[in-house]
Amino acid sequence: MSVLPLVFTSGWASGVNAYAVVLLLGVFGATGLSDDVPETLQRPEVLVMAGVLFLCEAVADKIPYVDSAWDSVHTVIRPVAGAWVGALLAGQSGSLSDVAAGLIGGSTALASHTVKAGTRMAVNASPEPFSNVIVSLAEDLGVGGVVAFAMFQPEAAAVIAGVLLLAGLLTLFFLVSRIRRFRRRRAQRREDKRLGKPAARGRSVSGGR
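**Q** Looking at this structure, how should I read the overall build of the chain?
**A** If you tally the helices and strands in the chain, you get 9 helices and 0 strands. Looking at the chain as a whole, 42% of its 209 residues qualify as buried. Of the accessible surface of the chain, which amounts to about 10900 Å², a share of 69% is contributed by carbon and sulfur atoms.

**Q** Any chance you could explain the layout of surface pockets here in plain terms?
**A** To find the voids left in a structure, one rolls a probe of water-molecule size over its atoms. In this structure, the largest pocket spans a volume of roughly 390 Å³. In terms of lining, the largest pocket is formed by 16 residues, of which the most central are Trp12, Val16, Val115, Glu139 and Leu164. Counting only elements with at least two residues in the lining of the largest pocket, the list comes to helix H1 (4-30), helix H5 (98-124), helix H6 (130-150) and helix H7 (154-174). The residue makeup of the lining of the largest pocket, split by class, is 9 nonpolar, 5 polar and 2 charged.

**Q** Explain a nonpolar patch on the surface here, please?
**A** Taken together, the side chains of Leu166, Leu170, Phe173 and Phe174 define a hydrophobic patch exposed on the protein surface, amounting to about 500 Å² of accessible area. Its location among the elements puts phenylalanine 174 in helix H7. With a relative accessible area of 64%, phenylalanine 174 lands in the exposed category.

**Q** Could you clarify how one ought to interpret unusual backbone geometry in this entry?
**A** Leaving glycine out, the prevailing phi sign among residues is negative, and the prevailing peptide bond configuration is trans. Unusually for a residue other than glycine, tyrosine 65 sits at a positive phi of about 75 degrees. Mapping tyrosine 65 onto the fold places it in the loop between helix H3 (44-60) and helix H4 (66-93).

**Q** What exactly am I supposed to notice about the packing of H3 against H4 here?
**A** Relative orientation and spacing of two packed helices are given, respectively, by the angle between their axes and the distance between those axes. Packing of H3 against H4 brings their axes to within 9 Å, and their N-to-C directions diverge by 140 degrees. It follows that H3 is oblique to H4 by the angle criterion. Listed contacts from H4 to Cys56, Glu57 and Ala60 of H3 are Val66, Asp67, Trp70, His74 and Arg78. Its residues assigned to classes, the contact of H3 with H4 shows 4 nonpolar, 1 polar and 3 charged.

**Q** Would you take a moment to explain the pattern of salt bridges for this structure?
**A** Opposite charge on two side chains permits them to pair, given that their charged atoms come into close proximity. What the rule picks out here adds up to 9 salt bridges. The residue aspartate 61 makes a salt bridge to arginine 120 at a minimum N-O spacing of 2.9 Å. In this pair, aspartate 61 sits in the loop between H3 and H4 while arginine 120 sits in helix H5, placing the two residues 59 residues apart along the sequence. Shared partners join several salt bridges into a network, and the residues in it are Asp61, Asp67, Lys116, Arg120 and Glu139.

**Q** In this structure, what is going on with the packing of aromatic side chains? I would like to understand it.
**A** Between two aromatic rings, the relevant description is the distance of the centres plus the angle of the planes. A full pass over the atoms with the stated rule returns 2 aromatic pairs. Where phenylalanine 28 meets phenylalanine 152, the ring centres are 6.0 Å apart and the plane angle is 75 degrees; that geometry is what we call edge-to-face. Residue phenylalanine 28 is located in helix H1, and its partner phenylalanine 152 is located in the loop between H6 and H7; the two are separated by 124 residues in the primary sequence. Judged by relative accessible area, which is 10%, phenylalanine 28 ranks as buried. When the centroid spacing of 5.4 Å and the interplanar angle of 80 degrees are considered together, the rings of phenylalanine 173 and phenylalanine 174 count as edge-to-face. Residue phenylalanine 173 is classed as exposed on the basis of its relative accessible area of 61%.

Definitions and limits used
Residues numbered from 1 in each chain as written. Predicted model: local features only at pLDDT ≥ 70, side-chain atom pairs only at ≥ 80, totals over all residues. Heavy atoms only, no water. Helix = DSSP H or I, 4+ residues; strand = E, 2+ residues; numbered from the N terminus. Buried < 20%, exposed > 50% of the residue type's maximum accessible area, 1.4 Å probe, protein only. Areas by Shrake-Rupley, 256 points an atom, 1.4 Å probe, with all protein chains shown as cover. 1 Å grid on protein atoms, 1.4 Å probe; cavity = no way out; pocket = protein on both sides within 12 Å on 5 of 7 lines; lining within 4 Å. Points joined across faces, edges and corners; volume = space filled by probe spheres on them. Nonpolar A, V, L, I, M, F, W, Y, C, P; charged D, E, K, R; others polar. Patch = residues over 30% accessible without salt bridge, like charges linked within 9 Å, V, L, I, M, F, W, Y side chains within 5 Å. Salt bridge = Lys/Arg side-chain N within 4 Å of Asp/Glu carboxyl O. Axes fitted to C-alpha atoms, helices over the stretch in contact; angles between N-to-C directions. Parallel < 35°, antiparallel > 145°, perpendicular 65-115°, else oblique. Contact = heavy atoms within 4.5 Å. Phe/Tyr/Trp six-rings, centres within 6.5 Å; stacked < 30°, edge-to-face > 60°.

In structure tokens form, the structure reads like this:
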């Protein structure tokens, strides 16, 4: 059976949380639950590193503005991870060219990363911090559930990943105004910091007192 559905699903998931994908695939392979996972992803050092970075992301991803800074750093990392995992999966099965799998995994990861980063900018335009935690937990659970499902039903999981990607792109289109608001706020914060002015929120609190 072609490995293409698993490549596509892992690419989508890598764009959201690449470390979770590597960790989950490695655990499935190391525990013998799946024979489709390359040995490279099952290596102890890979699992440990993925686990540590996953924990770092789990914290950073739930803090307003820190999550967007983290996303900026991972604009390259997530697509590269998606391409790397896709190429490894293709090499394991031999049913798809490594180059083709890398392109599919990388481009899909880039698309889902764009959705994630844009959505976080829109969420950060809200004054309260709880939205970040809720969205982050939903992303973590979504990635974990879809990747685990893909180990047993790759075609169905690929359909789910495709629907989520399309829904995310459509949502991002309607959140453009909030993303612009986030960018204006971030630019204002940088300008205030450069001029040594207190933050806008701090001024409002002081004024209320």
